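Listed below, chain by chain, are the residues.
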Amino acid sequence: QKPFKKVIDVSSGDPHRVDLQHVSFLRQVLAVCIYPQLLEDKCFPLDVKIRAQKLLEACDGASVGSYTASSGLRHVRQSIAEFITKRDGVPSYAQNIFISAGSQRAIMIAVKLLASGEGNTRTGVLIPGPCPHMLYNVLEEAGVVLVPYQLTEERGWAVDLDNMHQALKAARGYCEPRAIYISNPGNPTGHVQDRKSIEEVIQFAAAERVLLLADEVYQDSVYGKDREFISYKKVLFEMDIELAETVQLISFHSLSSTCIRECGLRAGYMEVVNMDPEVIYYFDNTLCCDISTPVTGQLGLDLMVNPPQSGDPSYHTYMQETFFILATLSHNAQWVQELLNKLPGVRCQPVFGGIYVFPRLHLPCGIKEQAKVGNVPTIFHLSFSISLLSMLMEYQV
Amino acid sequence: MAARGLDLILHRAQVKLCDKLQAKTQSDGVRRPYKEVIDVFQGDLHRAGMKPLTFVRQVLAACVYPPLINSSNLPLDVRQRAQEELGRCVGGSVGSYSAAPGIPEIIHSISEFIKRRDGGIPSHPENIYISPGSQWSISNILNVLVNREASPRTGVLIPVPCHNKTVLSITQLGAVAVPYYLSEEQGWALQVEELQRAHESAKGVCNPVALYVINPGNPAGYVQSQKSVLEVIRFAWEKRLFLLVDELYQDCVYGENCEFVSYKRALSEMGPPFSGTVELASFHSVSKGFSGECGLRAGYVELVNLDPAVMKHIHTLFSKDACSPVLGQIALNLMTDPPKPGDPSYLLYKQEIEQIRTVLVHSVKKVHEVVNSLPGFSCPPIEGGLFAFPRLHLTPKAIQKAKELGLQPDTFYCTRLLEEGGVFTGPGWEYGQKEGTYHIRFCIAVPQDVMEELLRRLSSFHMTFMKDFS
């Protein structure tokens, strides 16, 4: 007999799993693209139909069932470039944008291209502690050495340059560190970097000549007061011209992890900055041999980066729905943090962005005996998603 | 075979050329004998102008936008089906992650489909994995078979001709692709003596562990007879080879007296010792057949007679990637469990399938007729699959010209055909062929009027080409 009827699964960042509704505009356009006869259906708003028509024109054979180029539909890459240009005020070009079947695949491809060497010369990638659990699999598959650098929990999981330096220095003894992975907003920490912090990381990457892998997949989910998302690219281009033209950066985004959260559609992209054109050629080729991105996912990306505008028939509903998601996240973040901090042995840093909380648990020593496993730490962290609605209300403290 | 990696670069160059040409024909005002390029380079039904199946698209649309389930504009069975499919998705949404190996109910449905297809021979869901396209399944299985550290290197027997993605996967893993030549004179038949020769040739070079078979063929349009399938199974058993069977075109059989025989069924009916020991992986996908949904990305593999320890490892491999796209998984389910007699959508579904089949049968006949009527061009009857792979009998002058340009002779032909004839085809070199022979590959799943135009352009170009290089 358990005090619950159903397990609430918040282990993955999947909002549909816990009843968070989809964004209507996106689903309507995709439905029409899949079954174009719906263009004649009166229940779809005009902007949905116009957009679907435009997207279908971009697909070969005007069908979501056709193959696309391995780097993605040209039209979508162009839309993404325009979105980034608008977001950052810095030009972005379609040829530097690569669409992939999820950001995980994109990270893997980028790292695989970097991976080389054996033994002491094996490529190393600096990764934050904590980091998303999928990163271990991805980097292992790419065949690189993982070099953890600790984030500072007491300062809300902020990035600590000293820790980074130490990790890098120590790593040079057993591998060749060539890249640094960072997620902003942080996964699973919920930390949002300010401009100064981003500049410091960029300067570190420049000085140590490492590639910056910026996982910005939660860029839409920033709700902390006085917090805002600034992209690594924007900060880079507003720094010294020498840095802006030389620091190599790849930033990642995806359909799985924004207000849209369409994990099952499987699509993401990476923007490659300051990369040698010959290397870019290899991105293209490597993508050829990887999992292809489903066309429906690619179209989803277009809809994510180019949503309804003010004056469009779907605008009002779109704003309501996305506002509701953000408001829910913001509310949950605050509330979960307050609730958890009231529990004995639990400490939760403030969460300003992303979709997870990562509270710390101080467990009594008796747990070790119960677990009957050697080396069970008595302090550990728990990561869970806060994309819930009212279900948490039922939880009795 | 190692040079196959370069094919990718050539292929990309071809695709870029086609795109450039397509754009140019619409804008540069140069007079060409065609308005638009006919793109039959890939086996992509929709690109070539064939229509998707209405039932499939209606169900998928309702799954993507569930309010359509209440729309009276959609047939009742479509709406019910969409509701069922959504009921299997986590959170009732196609936007959720699914279990990495695939939605369990869909896997179960696939196992039922296989059982029905194979006359009641059981198929177990735990032996089936869904992945984003068949190539990914093939790669995963190859990953298990190939020992990168081994010396001598792992070998995989592959047919010639063969589509290049699998060959690339093999070579990327550090294994050796050992070619066995299909017999063009016998309509691309697979001959056991040739398998024997290929296996022998591997001695001292590599250690063959697997035999890759495509049935019906790609690009060669053969369909193996029951006798041929049994011979291959027996050979695999004798040489202790893992059978990798690509059965993507199992629905595309048009030859008279031809019938698709599944390797699993044949293996099972052989009885012991074969049925309990020959290890087999068979692949299928929504990209081919009559669905032609290449863009949705979904396929499956069924594994037979694998050691439980190996199955465990395979399970880990298929579980570590994020799941296949949910819409693709649903499309897979619709393919293996289509409307039945009595369902409101059945008649239309049947009609559309028949229409596609009629077009294919017609195409196959016309291609055979036209190609064989042209000098320097020949083609055995196309029994199945989605491609024609006719042979070019090029003159020494043409071959010489190609060499001067640094191109393979068939690549030279295809490039000229694209530029002057406005038809985008693939050179035989990319798929492998006997030394000194040349071929082109093109997709035959195009609407009737497009096929007529294609053949008209091909004939006209070919006659001019042969004259120029006579």
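Residues numbered from 1 in each chain as written. Chains lettered and ligands numbered in written order. Predicted model: local features only at pLDDT ≥ 70, side-chain atom pairs only at ≥ 80, totals over all residues. Heavy atoms only, no water.

This part covers the overall build of chain B. Secondary structure summary: chain B contains 16 helices and 14 strands in total. For chain B, whose C-alpha radius of gyration is 23 Å, the value lies close to the compact-globule estimate of 23 Å for 470 residues. Per-residue burial over chain B gives 61% buried out of 470 residues. In chain B, of all internal contacts separated by at least 6 residues, the share reaching a separation of at least 24 is 72%. Counting every atom, chain B has about 18200 Å² of accessible surface; 53% of that belongs to carbon and sulfur. (Helix = DSSP H or I, 4+ residues; strand = E, 2+ residues; numbered from the N terminus. Rg over C-alpha atoms; globule rule 2.2 N^0.38 Å. Buried < 20%, exposed > 50% of the residue type's maximum accessible area, 1.4 Å probe, protein only. Contact = heavy atoms within 4.5 Å. Areas by Shrake-Rupley, 256 points an atom, 1.4 Å probe, with all protein chains shown as cover.)

A few words now on the overall build of chain A. Along its length, chain A carries 13 helices and twelve strands. Counting only residues that meet the buried cut, chain A has 58% of its 397 residues in that class. Put simply, 69% of the contacts in chain A that link residues at least 6 apart link residues at least 24 apart. Accessible area of chain A: about 17500 Å², with a carbon and sulfur share of 52%.

The next subject is the pairing of strand S2 (residues 123-129) of chain A. Consecutive residues of a regular strand have side chains that alternate between opposite faces of the sheet. Residues and elements named next belong to chain A. The buried fraction of S2 amounts to seven of the seven residues, a majority that puts the element mostly inside the structure. Both faces of S2 are covered, namely the face carrying Thr 123, Val 125, Ile 127 and Gly 129 and the face carrying Gly 124, Leu 126 and Pro 128. In terms of strand pairing, S2 meets strand S4 (residues 176-183) through four bridges, oriented parallel. For Leu 126, the partnering residue across the bridge sits in S4 and is Ile 180. Pairing geometry for S2 and strand S3 (residues 145-150), over six bridges, is parallel. Across the sheet, the residue bridging to Ile 127 is Pro 148, located in S3. Chirality of the crossover, the property in question, places the unit of S2, helix H5 (residues 134-142) and S3 among those that are right-handed. (Pairing = 2+ DSSP bridges. Right-handed = clockwise from strand over helix to strand, strands pointing away.)

This paragraph deals with the nonpolar core. In this structure, Ile 141, Leu 211, Leu 243, Leu 244 and Tyr 413 of chain B are the most contacted members of the largest nonpolar core, which totals 194 residues. At nine residues, the largest contribution of residues to this core is made by helix H13 (residues 346-373) of chain B. Core analysis: the next-biggest nonpolar cluster, separate from the first, contains 33 residues, Ile 198, Phe 204, Ala 214 and Leu 236 of chain A among them. (Core = buried A, V, L, I, M, F, W, Y, C linked by side-chain atoms within 4.5 Å.)

Here we take up the packing of helix H5 (residues 134-145) of chain B against helix H6 (residues 164-172) of chain B. All names here are of chain B. Packing of H5 against H6 leaves a shortest axis separation of 10 Å and a crossing angle of 30°. Here H5 is positioned roughly parallel relative to H6, judged by the angle of their axes. Crossing of H5 over H6 shows right-handed handedness. Contact residues: H5 offers Gln 135, Ile 138, Ser 139 and Leu 142, while H6 offers Lys 165, Thr 166, Ser 169 and Ile 170. (Axes fitted to C-alpha atoms, helices over the stretch in contact; angles between N-to-C directions. Parallel < 35°, antiparallel > 145°, perpendicular 65-115°, else oblique. Left-handed = near helix turned anticlockwise from the far one by under 90°.)

This next bit is on the pairing of strand S1 (residues 97-100) of chain A. Residue and element names in this part refer to chain A. Covered by surrounding structure in S1 are Ile 97 and Ile 99 together with Phe 98 and Ser 100, the residues of both alternating faces. The pairing of S1 with strand S7 (residues 268-273) spans four bridges and is antiparallel. Its bridge partner lying in S7, Ile 97 is registered against Glu 271.

So, about the sheet that holds strand S6 (residues 249-254) of chain A. Residues and elements named next belong to chain A. Within the open sheet, the seven strands sit side by side as S1-S7-S6-S5-S4-S2-S3. Their pairing is mixed. In this open sheet, the two edge strands, each paired with only one partner strand, are S1 and S3. Going across the sheet, the axis of each strand differs from the next one's by a mean of 25°, ignoring polarity. Across four bridges, strand S5 (residues 211-215) lies against S6 in parallel orientation. Paired with Ala 214 across the bridge in S6 is Ser 251. The sheet contacts of helix H3 (residues 74-88) involve S1, S6 and S7, and relative to S1 the element is tilted by about 120°. The sheet strands contacting helix H6 (residues 161-171) are S2, S3 and S4, and the helix crosses S3 at an angle near 150°.

Turning our eyes to something else, we now look at the confidence of the model for chain A. Model confidence for chain A is summarised by a mean pLDDT of 87, while 87% of its residues fall at 70 or above. In this model, residues 388-397 of chain A is a region of pLDDT below 50 whose contacts with residues beyond four sequence positions or in other chains number 17 contacts. (pLDDT = per-residue confidence, 0-100.)

What follows concerns the pattern of salt bridges. Residues and elements named next belong to chain B. Taken as a whole and assessed by the stated rule, the structure comprises 29 salt bridges over all chains. One salt bridge connects Asp 39 with Arg 47, and the closest N-O pair in it is separated by 3.0 Å. The two residues Asp 39 and Arg 47 agree in class, both being buried. A salt bridge links Arg 456 to Glu 453, with the shortest nitrogen-to-oxygen separation between them at 2.9 Å. (Salt bridge = Lys/Arg side-chain N within 4 Å of Asp/Glu carboxyl O.)

Sites flagged by UniProt as "domain: Aminotransferase class I/classII large" (unreviewed entry) map to residues 74-458 of chain B. Along residues 74-458 of chain B, the helical share is 44% and the strand share 16%, with 42 Å between the first and last C-alpha atoms. (UniProt positions renumbered as here; feature names shortened; annotations may be inferred.)

In this model, chain B carries an average pLDDT of 91, and 93% of its residues clear a pLDDT of 70 or more. Scored as a complex, the prediction yields pTM 0.89 and ipTM 0.88.

All names here are of chain B. With respect to topology, seven strands assemble into an open sheet ordered S2-S8-S7-S6-S5-S3-S4, the strand pairing being mixed. Strand pairing shows two members of the sheet lacking a second neighbour, strand S2 (128-131) and strand S4 (176-181), which therefore form its edges. The mean angle between the axes of side-by-side strands here comes to 25°, regardless of whether they run parallel or antiparallel. Two strands pair when backbone bridges link them, and strand S6 (residues 242-246) and strand S7 (residues 280-285) are joined in this way by four bridges, in the parallel orientation. Opposite Asp 246, over in S7, you have Phe 283 as the bridge partner. On the sheet, helix H7 (residues 192-201) packs against strand S3 (153-160), S4 and strand S5 (206-214) and is oriented at approximately 150° with respect to S4.

So, about unusual backbone geometry. All names here are of chain B. For the peptide bond that leads from Val 160 to Pro 161, omega is 5°, which places it in the cis range. Turning to its location among the elements, Pro 161 is positioned in the loop between S3 and H6. Following Asn 215, the chain continues into Pro 216 via a peptide bond in cis, with omega recorded as -5°. Structurally, the position occupied by Pro 216 is in the loop between S5 and helix H8 (226-238).

Next up on the list: the interface of chain A and chain B. Facing 47 residues of chain A, the contacting portion of chain B comprises 49 residues. Buried area between chain A and chain B, summed over both chains or domains, comes out near 3900 Å², and the portion from carbon and sulfur atoms is 57%. By the criterion of area lost to chain B, the three top residues of chain A are Ile 34, Tyr 35 and Tyr 67 of chain A, representing 17% of everything that side buries. Put simply, chain A and chain B have one salt bridge between them. Here Arg 47 of chain B ties to Asp 60 of chain A by a salt bridge, and the two come within 3.2 Å at their closest N and O atoms. Along the contact surface separating chain A from chain B lie 20 residue pairs in polar contact (both at pLDDT 80 or more). Only helix H1 (24-34), helix H4 (103-114), H5, helix H10 (277-288) and helix H11 (295-305) of chain A provide two or more residues apiece to the side of chain A that touches chain B. Here the side of chain A that touches chain B takes seven residues from H1 of chain A, the largest share from any one element. Looking at side-chain class alone, the side of chain A that touches chain B contains 17 nonpolar, 18 polar and twelve charged residues. (Buried area = accessible area lost by both parts, 1.4 Å probe. Polar contact = N/O pair within 3.5 Å; in protein donor to acceptor, adjacent residues only side chain to side chain. Nonpolar A, V, L, I, M, F, W, Y, C, P; charged D, E, K, R; others polar.)

As a further point, take a nonpolar patch on the surface. Nonpolar side chains collect at one region of the surface, where Leu 113, Tyr 281 and Tyr 282 of chain A lie side by side and expose about 280 Å² of accessible area between them. The class of Leu 113 of chain A is partly exposed, set by a relative accessible area of 32%. (Patch = residues over 30% accessible without salt bridge, like charges linked within 9 Å, V, L, I, M, F, W, Y side chains within 5 Å.)

Moving on, we come to the side chain of His 199 of chain B. Residue and element names in this part refer to chain B. Checked against the element boundaries, His 199 lands in helix H7. On the accessibility criterion, His 199 (16% relative accessible area) is buried. Setting aside residues up to four positions removed in sequence, His 199 forms contacts with Leu 157, Pro 208, Phe 235, Lys 239 and Leu 241.

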